[in-house]
Amino acid sequence: MSLEEVKKLAKYPIQTLMPAVLSAEVPILSQMTMTVYCTGRTPGFITSDNPVVWFDPEAIDRPPMFRAPGLLDKGIEITLPISPGHLVVIRHDKPLSRGIKPIVYQDAWDATVEAINLRTAIHADETVVACSDSYKGLPNSVSALKAP
């Protein structure tokens, strides 16, 4: 890259990187399964200042250098809370398959809501948002890990 390209990237990162990111990721995302989890539970799904979480439960089995989740990882789960009652999970079919998949709606068990809320809270930078004061927040053991 030239110095001018680096300056442009530093000044306009989204405008510079977005076309390349979209052209690489959209074809993969379109072949993944999308499930919308639904709950009537209070507080329901929480959100944060970093709401989209990429998580691969199989990453712990890889060497440290290769643990960051990526779209081509067969275990990747991308979660996105869209309301207190709905959350989108995008993942690969097992076994992997090609083709655009239908969107599946599924009732979320309480344990699923709690696990995904914990994941969302752990990945928050500073702020977690819940629709009710009944959200208990992170367990003390997890909060201690996030402390600066």
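To be clear, the structure that these remarks concern was listed above.
Cut-off values and rules
Residues numbered from 1 in each chain as written. Predicted model: local features only at pLDDT ≥ 70, side-chain atom pairs only at ≥ 80, totals over all residues. Heavy atoms only, no water. 1 Å grid on protein atoms, 1.4 Å probe; cavity = no way out; pocket = protein on both sides within 12 Å on 5 of 7 lines; lining within 4 Å. Points joined across faces, edges and corners; volume = space filled by probe spheres on them. Nonpolar A, V, L, I, M, F, W, Y, C, P; charged D, E, K, R; others polar. Salt bridge = Lys/Arg side-chain N within 4 Å of Asp/Glu carboxyl O. Helix = DSSP H or I, 4+ residues; strand = E, 2+ residues; numbered from the N terminus. Buried < 20%, exposed > 50% of the residue type's maximum accessible area, 1.4 Å probe, protein only. Pairing = 2+ DSSP bridges. Axes fitted to C-alpha atoms, helices over the stretch in contact; angles between N-to-C directions. Contact = heavy atoms within 4.5 Å. Parallel < 35°, antiparallel > 145°, perpendicular 65-115°, else oblique.

A few points about the layout of surface pockets
Any empty space left between the atoms is revealed when a probe the size of a water molecule rolls over them.
Here is step 1: Estimated volume of the second largest pocket: approximately 190 Å³.
Here is step 2: What lines the second largest pocket is P27, I28, Q31, L72, H92, D93, L96, S97, R98 and K101.
Here is step 3: Grouping the amino acids of the lining of the second largest pocket by side-chain chemistry returns four nonpolar, three polar and three charged.

So, the pattern of salt bridges
Here is step 1: Evaluated as defined, the whole model comprises seven salt bridges.
Here is step 2: The partner of R62 in a salt bridge is D56, and the shortest N-O contact between them spans 2.9 Å.
Here is step 3: Of the charged contacts, one joins R119 and E77 as a salt bridge, the two residues approaching to 3.0 Å between their closest N and O atoms. With R119 in helix α3 (residues 110-123) and E77 in strand β4 (residues 77-83), the pair connects residues that are 42 residues apart, well separated along the chain. Residue R119 shares its accessibility class with E77, and that shared class is buried.
Here is step 4: Because the salt bridges share partners, they merge into one network encompassing R41, D110 and E114.

Here's the deal with the sheet that holds strand β3 (residues 53-55)
Here is step 1: Ordered in space as β3-β4-β5-β1-β6, the five strands form an open sheet in which the pairing is mixed. Every interior strand has two partners, whereas the edge strands, β3 and β6 (103-107), have only one. When the angles between neighbouring strand axes are averaged without regard to direction, this sheet yields 25°.
Here is step 2: Pairing geometry for β4 and strand β5 (residues 86-91), over six bridges, is antiparallel. The residue bridging L80 from the neighbouring strand is V88, located in β5.
Here is step 3: On top of the sheet, α3 reaches β1 (33-38), β3, β4 and β5; it is set at about 110° to β3, its chief contact.

Focus on the packing of helix α1 (residues 3-11) against helix α2 (residues 13-29)
Here is step 1: For the pair α1 and α2, interaxial distance at closest approach is 5 Å and the crossing angle is 100°. One element, α1, and the other, α2, form an angle in the roughly perpendicular class. Here α1 contributes K8, L9, A10 and K11 to the contact with α2, which in turn contributes P13, T16 and L17.

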